[in-house]
Amino acid sequence: MLASTLPANPFTEHHDDHEQKVDKYLHQFKLSDKTLMELSMRFRREMDKGLCRDTNPTAAVKMLPTFVRSTPDGTEQGEFLALDLGGSNFRVLLVKVKGNGEQKVDMESQIYDIPELVMTGSGSELFDHIADCLADFLEKMGIKDKKLPLGFTFSFPCQQTKLDESILMSWTKGFRLSGVEGKDVVSLLRKSIKKRGDFDTDIMAVISDTVGTMMTCGFDDRHCEIGLIVGTGTNACYMEQMRNLQLLDGDEGQMCVNTEWGAFGDDGALEDVRTDIDREIDAGSLNPGKQLFEKMISGMYMGELVRLILVKMARDQLLFQGNITPELLTTGHFSTNYIYTIESDKDEEGLASTEKVLRGMGLDPTAEDCAATRRICQIVSTRAAHLCATSLAAVMRQIRDNKAAEKLRITIGVDGSVYKNHPEFSRRLNKTVRRLVPDCDVRFLQSQHGSGKGAAMVTAVAYRLAAQQAERQRILDTLRLSREQLFEVKRRMTEEMARGLSKQTHDQTSVKMLPTYVRSTPDGTEQGDFLALDLGGSSFRVLLVRLRHEKKLKVNMHQKIYSIDQETMQGTGEELFNHIVYCIADFLDYMGMRGASLPLGFTFSFPCDQTKLDEGILLKWTKGFKASGCEGKDVVKLLKEAVRRKQKFDLNFVAVVNDTVGTMMTCAYEDPRCEVGLIVGTGTNACYMEEMQNIETVEGNEGRMCVNVEWGAFGENGELDDFCTEFDRAVDECSNYPGKQRYEKLISGMYLGEIVRNVLLDFTAKGLLFRGKMSERLKTRGIFETKFLSQIESDRLAMRQVRSILQHLGLTGSTCDDSVLVKEVCSVVARRAAQLCGAGLAALVEKIRQNRNQNQLSITVGVDGTLYKTHPHFSSIMQETLQDLAPQCEVTFLKSEDGSGKGAALITAVACRFKSEKLL
């Protein structure tokens, strides 16, 4: 349980009774444990109101965006100018920042007066004066010929719309200049500098002193994400997730939010803890009903609170024998500095200091009066510290919840006269915060030169971000394709397809356009029982597919998975096919169909030369298979020979099937308009129904045949060289088949993760990511899996998924900004892949449209593959690209289920239908 504690009484028992009377009299100033927790939760709710677009207009705590997107990361370096304007004089600073390990800041500054005539004249006179002083400073520093970035601390109420744009709402602090309110102060300053014409600066940021405090401390401690001011006024800022900041568009990354918490309670939220003294302070202030929280905490009001309490207790005959002096009745006469003095000394020295202050106010205090006065100061300053702790704890909880951290490690940058000069305030604040938020490891770091150095640090960060962003975008732009480039990809694909279909150029083209001998898609009349065999790895499937043509088409499937041990994979071909036949026989026994004679669709996922539907010559084994006596042989013949040897069942027809064609056939069974198959998974390929008259490599001109495009090889003759980046070349060179499958290496799941990894390595090496710190794990080929792209781009939970993946890659110190950038890289790489796929598909459907001499083609594409199915944006980007590049084609996409199983059976069923119709 949190204990609400006031300082223990340091005086002797002689004063105890009198001080107990003070404690009793001021019992409303003592906030219980329960009240402190309730106020903290109340402030958290007020933060939510300020962040929400709908409730912000009526929220007391405004939660203003500052457009500061990052805290320092230690790599900032260079020379920066800062202007600090907030009173009757202002400072100009030259701040030299040394990053890259040195973490050093050197500053030169000069204070310039603002004449009273300027303070009450026109706005142009003020900004002309500032420009004159800036020119003088640059002259003295010998840097007038340099164009340096500048940060501007402008401590007046403003509405900020950009980092370098701030509209003055109203003047305060004695300024009454005409023609400035409602205007952008940065534009006014730029105008005055331009008018002089003898120097130039790049004004990059305008900030408040609270943000300056956070940024100053953030350079020394990268865990600093909160800025706190407890001085004449009080305020706090912190780094908020963009997704929570509904006032602005965009939900990625973070931004510093200026809470303007001094206004907490302006809507009545503090009425149950405000006292009569607080109400009296407010009534006599320049802004009654405003900044009520600030009036209970800050240095502007703390001394006045004590004075009003002294007056009230004197009137109630509890102090000074009821005597009241004119000095005690004078507003502002009990300075907050007196509280610092009274509480800084102990015991008798403290009494002496108190007596001196009271005698200066014309009073003749007793020892009991002095002890009571000191006690009043303690109670008022302790309440201030406790109230400040409640709101600070709410901010810390917000950050902890944003990060989904069990224990938050955070640093709070602090500035302000109360925090710095009050002997006990900082200790009381720190202690109370730690007890209110025990699951946060908090450090308080006192700011030095916050508003000046802070403006320079904001500028340094903005300068770093701008330079880094420009370099990142320059690199990422190499991975972005223009509409013209996509049209060119489509044109080249069209050209290569034509060359692949031609007997004369077929051998030279990269796109082989292989005939599949599948002459038709299903027409709905197919029926019967068909076996399907799916062989492509160390396990394989046997399926029974039952097609029934009842009121509607119906497909029933049963399957069993079998394994192939290493010995069989690398033994003799006879042993391998004997094992396959044994498994088929076992499956038929399992299905109660022993001795059946069935047609079989054989999905054989190894390189084959197919000359008929029921013949496939194995060119070479892959995927760990090395069974002897198979390469150069017809796998259908090998399978049939094994069936004859076993004599357990009979196969009356065997079709060798490609999974892309299987995908088309599966979808065509559901949608007769489906005449294109597309795979975008580990690899990529497409097939489509081509006119026989165009397939010069096969005899006959009647009807159509499905062509296996084998488009993954597009680019092997250099067709894509001018679209490939250094990252694509690196991935290709490290692949198992350099120079091969170039189109596939730009699109498919096997390679996208590697492209991203190479970009991330390049960014890190150039200091554009992870603060330039390389992770050994990230250097490992294949470590960035393509599934990470889908997970990262699906992430809507404050980049948690991204952070989790980066931690898996050994990047435990990655920041929110790093996560945003990694997501952008994934997005750019995946977008290019989808666009390239769309361009290829556009070439294909346009060819079908032209083949059929149609003005408008309506067609369905059957699709399969993990990348297409699991990536959140791939399909939509691909479809957008296709629509743009082939506007005369209306294309519907249908996801396939089990092309290599169900599709294989359907190919066999269609072939059997053709055979029975004597078309084969």
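This one's a predicted model, so the numbers in the text were calculated from it and none came from an experiment. (Residues numbered from 1 in each chain as written. Predicted model: local features only at pLDDT ≥ 70, side-chain atom pairs only at ≥ 80, totals over all residues. Heavy atoms only, no water.)

(A) The arrangement of the overall build of the protein chain in detail. Helices and strands together make up the secondary structure of the protein chain, namely 28 helices and 26 strands. In summary, the protein chain has a C-alpha radius of gyration of 39 Å against a globular reference of 29 Å for 920 residues, an excess of more than 25%. Judged by the C-alpha coordinates and their principal axes, the protein chain covers about 125 × 65 × 50 Å. With 920 residues in all, the protein chain has 57% of them scored as buried. The contacts in the protein chain between residues at least 6 apart in sequence include a share of 71% that link residues at least 24 apart. (Helix = DSSP H or I, 4+ residues; strand = E, 2+ residues; numbered from the N terminus. Rg over C-alpha atoms; globule rule 2.2 N^0.38 Å. Buried < 20%, exposed > 50% of the residue type's maximum accessible area, 1.4 Å probe, protein only. Contact = heavy atoms within 4.5 Å.)

(B) Fine view of the packing of helix H4 (residues 123-141) against helix H5 (residues 185-196). Running from amino to carboxyl end, H4 crosses H5 at an angle of 60°, the nearest separation of the two axes being 8 Å. Accordingly, the angle class assigned to the pair H4 and H5 is oblique. Once H4 is placed against H5, the crossing between them reads as right-handed. Together, Ser124, Phe127, Asp128, Ile130, Ala131, Asp132, Leu134 and Ala135 of H4 and Val185, Leu188, Leu189, Ser192, Ile193, Lys195 and Arg196 of H5 make up the contact between the two elements. (Axes fitted to C-alpha atoms, helices over the stretch in contact; angles between N-to-C directions. Parallel < 35°, antiparallel > 145°, perpendicular 65-115°, else oblique. Left-handed = near helix turned anticlockwise from the far one by under 90°.)

(C) Region of the structure containing the sheet that holds strand S5 (residues 148-154). Spatial ordering of the open sheet is given by S4-S3-S2-S5-S8, a layout of five strands whose pairing is mixed. The open sheet has two edge strands with one neighbour each: strand S4 (104-113) and strand S8 (201-207). The mean inter-strand angle of the sheet, taken between neighbouring strand axes irrespective of direction, is 20°. Summarising the sheet, S5 and S8 pair through six bridges and their orientation is parallel. Note on S8: the bridge partner recorded for Gly151 is Ala205. Where H4 meets the sheet, its contacts fall on strand S2 (78-85), strand S3 (89-98), S4, S5 and S8, and the angle it forms with S4 comes to roughly 130°. Together, S2, S5 and S8 form the strand contacts of H5, whose direction differs from that of S8 by roughly 155°. (Pairing = 2+ DSSP bridges.)

(D) Highlighting the state of the cysteines. Enumeration according to the criterion identifies zero disulfides in this entry. No disulfide involves Cys133; its nearest neighbouring cysteine sulfur is the one of Cys158, lying 20 Å away. Left without a disulfide partner, Cys377 is nearest to the cysteine sulfur of Cys370, which lies 11 Å away. (Disulfide = S-S within 2.5 Å.)

(E) Main features of the sheet that holds strand S22 (residues 674-680). One open sheet holds the six strands; their spatial order is S14-S24-S23-S22-S25-S26, and the pairing between them is mixed. Whereas interior strands pair on both sides, the edge strands pair on one side only; in this sheet they are strand S14 (514-515) and strand S26 (889-895). Two strands pair when backbone bridges link them, and strand S23 (residues 684-691) and strand S24 (residues 704-708) are joined in this way by five bridges, in the antiparallel orientation. Looking at the pairing, Tyr688 lines up with Val707 of S24. Against the sheet, helix H25 (residues 816-851) touches S22, S23, strand S25 (857-864) and S26, its axis set at about 5° to S23.

(F) Looking closely at a positive patch on the surface. On the surface, a cluster of positive charge is contributed by Lys633, Lys637, Arg644, Arg645, Lys646 and Lys648. Within the secondary structure layout, Lys646 lies in helix H18 (residues 635-646). (Patch = residues over 30% accessible without salt bridge, like charges linked within 9 Å, V, L, I, M, F, W, Y side chains within 5 Å. Areas by Shrake-Rupley, 256 points an atom, 1.4 Å probe, with all protein chains shown as cover. Salt bridge = Lys/Arg side-chain N within 4 Å of Asp/Glu carboxyl O. Lys, Arg positive; Asp, Glu negative; His and termini not counted. Charge placed at Lys NZ, Arg CZ, Asp CG, Glu CD.)

(G) Quick peek at the side chain of Thr153. Mapped onto the elements, Thr153 comes out in strand S5. For Thr153, a relative accessible area of 0% puts it in the buried group. Ignoring anything within four residues of it in the chain, the contact list for Thr153 reads Leu83, Asp84, Leu85, Ile207, Ser208, Asp209, Ser451 and Ala455.

(H) Region of interest: the packing of aromatic side chains. For the coordinates displayed, the defined rule picks out 18 aromatic pairs. Look at Tyr419 and Phe444: their rings are 6.4 Å apart centre to centre, the planes differ by 20°, and that puts the pair in the stacked class. Of the two residues, Tyr419 sits in helix H12 (residues 417-421) while Phe444 sits in strand S13 (residues 440-446), which places them 25 residues apart along the sequence. An identical accessibility class is assigned to Tyr419 and Phe444; each is buried. Both rings, one in Phe714 and one in Tyr743, keep their centres 5.4 Å apart while their planes meet at 75°; by these two values the pair is edge-to-face. Here the residue Phe714 occupies a position in the loop between S24 and helix H20 (726-733), and Tyr743 occupies one in helix H21 (residues 742-747), the gap between them amounting to 29 residues. Classification of Phe714 by relative accessible area gives buried; the value is 0%. Look at Tyr743 and you get buried, because its relative accessible area is 0%. Taken together, Phe43, Trp261, Phe264 and Phe293 form an aromatic cluster joined through their ring pairs. (Phe/Tyr/Trp six-rings, centres within 6.5 Å; stacked < 30°, edge-to-face > 60°.)

(I) The pattern of salt bridges, seen in detail. Under the definition given, this model contains 67 salt bridges. Between Arg42 and Glu38 there is a salt bridge, with its nearest N and O atoms 3.3 Å apart. Placement of the pair is Arg42 and Glu38 together in helix H2 (residues 33-51), with a separation of four residues, close to one helical turn. When its relative accessible area of 28% is taken as the criterion, Glu38 is described as partly exposed. With a closest N to O distance of 3.9 Å, Asp249 and Arg53 form a salt bridge. Note that Asp249 is positioned in the loop between strand S10 (234-241) and strand S11 (254-258) and Arg53 in the loop between H2 and strand S1 (64-65), a separation of 196 residues in sequence. The exposure class assigned to Arg53 is partly exposed, which follows from its relative accessible area of 43%. Each of Glu271, Arg274, Asp276, Arg279, Asp282 and Lys295 takes part in salt bridges that share partners, so that together they form one network.

(J) Local environment of the packing of helix H7 (residues 276-283) against helix H8 (residues 299-315). One way to put it is that H7 packs onto H8 with a least axis distance of 10 Å and a crossing angle of 120°. Viewed along their axes, H7 and H8 adopt a mutual orientation that is oblique. Read as a crossing pair, H7 and H8 show a hand that is right-handed. On the side of H7, the interface is formed by Ile277, Asp278, Glu280 and Ile281, while H8 contributes Tyr301, Glu304, Leu305, Leu308, Ile309 and Lys312. Classifying every residue of the contact of H7 with H8 by side-chain character gives six nonpolar, no polar and four charged. (Nonpolar A, V, L, I, M, F, W, Y, C, P; charged D, E, K, R; others polar.)

(K) Looking closely at the environment of Ala372. Inspection of the secondary structure assignment puts Ala372 in helix H11 (residues 367-403). Residues Ala372 and Gln20, spaced 352 residues apart in sequence, show a C-alpha to C-alpha distance of 8.9 Å.

(L) Structural detail: a negative patch on the surface. Taken together, the side chains of Asp565, Glu567, Glu574 and Glu575 make up a negatively charged region of the molecular surface. Its location among the elements puts Glu575 in helix H17 (residues 573-590). We classify Glu575 as partly exposed; its relative accessible area is 44%.

(M) Local environment of H4. Taking 1.5 Å of rise per residue, the 19 residues of H4 would be expected to cover 27 Å, and the 27 Å separating its terminal C-alpha atoms lies within 8% of that figure. Taken from the residues just after H4, Gly142 is the one with a positive phi, measuring 70°. (Expected span 1.5 Å × (residues − 1).)

(N) Examining the pairing of strand S9 (residues 224-230) more closely. For S9, the buried fraction is high: seven of the seven residues fall into the buried class. Where S9 meets S10, five bridges bridge the pair, whose relative direction is antiparallel. Within the sheet, the bridge partner assigned to Ile229 lies in S10 and is Asn235. Once S9 ends, the chain turns through three residues before running back antiparallel as S10.

(O) Spotlight on unusual backbone geometry. Not every positive phi belongs to a glycine, and Gln321 is a case in point at roughly 50°. Mapping Gln321 onto the fold places it in the loop between H8 and helix H9 (336-344).

(P) Representation of the nonpolar core within the structure. In this structure, Leu678, Tyr688, Trp711, Phe784, Val822 and Phe874 are the most contacted members of the largest nonpolar core, which totals 115 residues. When residues of this core are assigned to their parent elements, the largest contribution, 18 residues, is made by H25. In terms of nonpolar packing, the next biggest core, distinct from the first, is built from 112 residues, Ile277, Ile281, Val414 and Val418 among them. (Core = buried A, V, L, I, M, F, W, Y, C linked by side-chain atoms within 4.5 Å.)

(Q) H20, seen in detail. Buried within H20 we find Phe727, Asp728, Val731 and Asp732. Across the axial projection of H20, the buried residues extend over an arc of 135°, all falling on one side. (Arc of directions from axis to C-beta.)

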